[in-house]
Amino acid sequence: REDWPRGFISGAVGMALYFTVENLGTGLTSASFSSLIMATVPVFGMIGDRIFFGRKITVLKVGCVVASIVGVYLLVSGEPMGVNLKGTLVMLAAALLWTFYITYVKPLYDKYDLLTLLTGLFVAGTIVEVPLAIFTPDPMINFTPMGVVVTVATALICIIIGEFGYVYAIGKLSITMVSIFENVLPLTAVLFSLILFGTMLSGMQLIGGAIIMGAVTVLALKEES
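Position numbers for residues start from 1 in each chain and track the written sequence from start to end. pLDDT decides what is reported in this predicted model: residues at 70 or higher carry local features, side-chain atom pairs at 80 or more are listed and counted, and totals for whole chains, interfaces and linings draw on all residues regardless. Hydrogen atoms and water are omitted, and side-chain values are computed over all heavy atoms in the structure.

Concerning the packing of helix H7 (residues 114-134) against helix H8 (residues 145-172)
Lines fitted to C-alpha atoms define the axes here, with helix axes fitted over just the stretch in contact, and angles between the N-to-C directions of these axes take values from 0 to 180 degrees. Secondary structure elements are defined from DSSP: runs of H or I of at least 4 residues count as helices, runs of E of at least 2 residues count as strands, and each element is numbered from the N terminus. It is at 10 Å that the axes of H7 and H8 come closest, and there the two elements cross at 120 degrees. It follows from the interaxial angle that H7 and H8 lie oblique. Both H7 and H8 take part in a crossing whose hand is right-handed. Contacts between H7 and H8 pair Leu114, Leu117, Leu118, Leu121 and Phe122 from the former with Ile159, Ile160, Glu163, Phe164, Val167 and Tyr168 from the latter. The residue classification treats Ala, Val, Leu, Ile, Met, Phe, Trp, Tyr, Cys and Pro as nonpolar and Asp, Glu, Lys and Arg as charged. All others, Gly included, are polar. Within the contact of H7 with H8, the residues separate by chemical class into 10 nonpolar, no polar and one charged. Every angle not falling under 35 degrees, over 145, or within 65 to 115 is termed oblique; those three ranges are roughly parallel, roughly antiparallel and roughly perpendicular. When the near helix sits turned anticlockwise from the far one by under a right angle, the crossing is termed left-handed; a clockwise turn instead gives a right-handed crossing. Residues are treated as being in contact if the distance between any of their heavy atoms lies within 4.5 Å.

A short note on the packing of helix H2 (residues 31-38) against helix H4 (residues 59-76)
At a closest axis distance of 9 Å, the pairing of H2 and H4 adopts a crossing angle of 175 degrees. Regarding the angle of H2 to H4, the classification is roughly antiparallel. Residue-level inspection shows Ser32, Ser35 and Leu36 of H2 in contact with H4, the latter providing Ile69, Val72, Tyr73 and Val76. Looking at the contact of H2 with H4, its residues break down into five nonpolar, two polar and no charged.

Some thoughts on a nonpolar patch on the surface
Within the patch definition used here, like charges are joined within 9 Å and nonpolar side chains (Val, Leu, Ile, Met, Phe, Trp, Tyr) within 5 Å, considering only residues with over 30% relative accessible area and no salt bridge. Accessible areas in this description were obtained via Shrake-Rupley with a 1.4 Å probe; residue shielding takes into account the shown protein chains only. By definition, a salt bridge exists where a carboxyl oxygen of Asp or Glu is found within 4 Å of a side-chain nitrogen of Lys or Arg. The grouping of Ile47, Ile51, Phe52, Phe53, Ile57, Val62, Val66 and Val70 at the surface amounts to a nonpolar patch, some 700 Å² of accessible area in total. Within the residue set of the nonpolar patch, elements represented by two or more residues are helix H3 (41-53) and H4. The element that contributes the greatest number of residues to the nonpolar patch is H3, accounting for four residues. Within the fold, Ile57 resides in the loop between H3 and H4.

A closer look at the environment of Leu121
The residue Leu121 is located in helix H7 in this model. Type-normalised accessible area, obtained with a 1.4 Å probe on protein chains alone, sets the label of each residue: buried when under 20%, exposed when over 50%, and partly exposed for intermediate values. Leu121 gets classed as buried once you look at its relative accessible area, which sits at 1%. Measuring from C-alpha to C-alpha, the distance between Leu121 and Val105 comes to 9.3 Å, with 16 residues separating the pair along the chain.

Comments concerning the side chain of Asp3
With respect to the element layout, Asp3 can be found in the segment before helix H1 (4-28). You can call Asp3 buried: its relative accessible area is 12%. Ignoring sequence-local partners within four residues, the contact set of Asp3 consists of Leu108, Lys111 and Tyr112.

Brief notes about H4
End to end, H4 covers 26 Å across 18 residues, agreeing with the expected 26 Å (1.5 Å per residue, within 8%). Every buried residue belonging to H4 is among Lys61, Cys64, Val65, Ser68, Gly71, Val72, Leu74, Leu75 and Val76, and all of these are buried. Expected span of a helix, by definition, is 1.5 Å for each gap between consecutive residues, and there is one gap fewer than residues.

Describing the nonpolar core
Soluble globular proteins tend to bury their nonpolar side chains together. Think of a nonpolar core as a cluster: buried Ala, Val, Leu, Ile, Met, Phe, Trp, Tyr and Cys residues, connected wherever their side-chain atoms sit within 4.5 Å. Residues Met38, Trp98, Tyr101, Ile102, Val105, Leu121 and Val167 are the most contacted members of the largest nonpolar core, which totals 27 residues. Of all the elements in the fold, those that place two or more residues in this core are H1, H2, helix H5 (85-104), helix H6 (106-109), H7, H8 and helix H9 (175-180). Excluding residues within four positions of it along the chain, Val105 makes contact with Ser10, Leu117, Leu121 and Ile170. Within the second largest apolar cluster, 17 residues are counted, among which are Leu75, Ile180, Val184 and Val216.

Following this line, the structure appears as structure tokens:
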């Protein structure tokens, strides 16, 4: 019972508020600039690791985080940025919300099995998200057959399976390590565009992807040693 407040707040922030704010920020800017702002999550994660779990901020960690941000920039620099102050502030709020979530939920991992923890997080997120969805001016679901299929597939693959793996990783890895994987997301998006739509990668994108994977690999190897 003493963990109910932490569980509810974690679910409300991670499963509801974050996604709402991120979607709002993406609408105010562009996907490219949103990716660049979200690339700052490892910076906040590194600070959270230091404050709440006493992990040192080393030169290697700083270097890997900075390198991953540079890699994201190279990945998205060829697309229109759509920079504006309001969108920037909203996306920074999203980055802070996500960092708060992965930091705040971490102590619960050792106390509950993963399925129980995720169930609580999803229930809390649903309680908060339903009122937000009701007052959203645009429809949340496209009720064409393809729209329903895409919505269900997104819920099952991206939200349920994705969060299952993400929360598992939060319990096993440092916040810095988990958060730096945020910067692999733009890389996977570019690779899936290549596989599904035949979009060719530029030389700059290949360099950016290599920098991101190098930074993640170095930090992972250091954490395992």
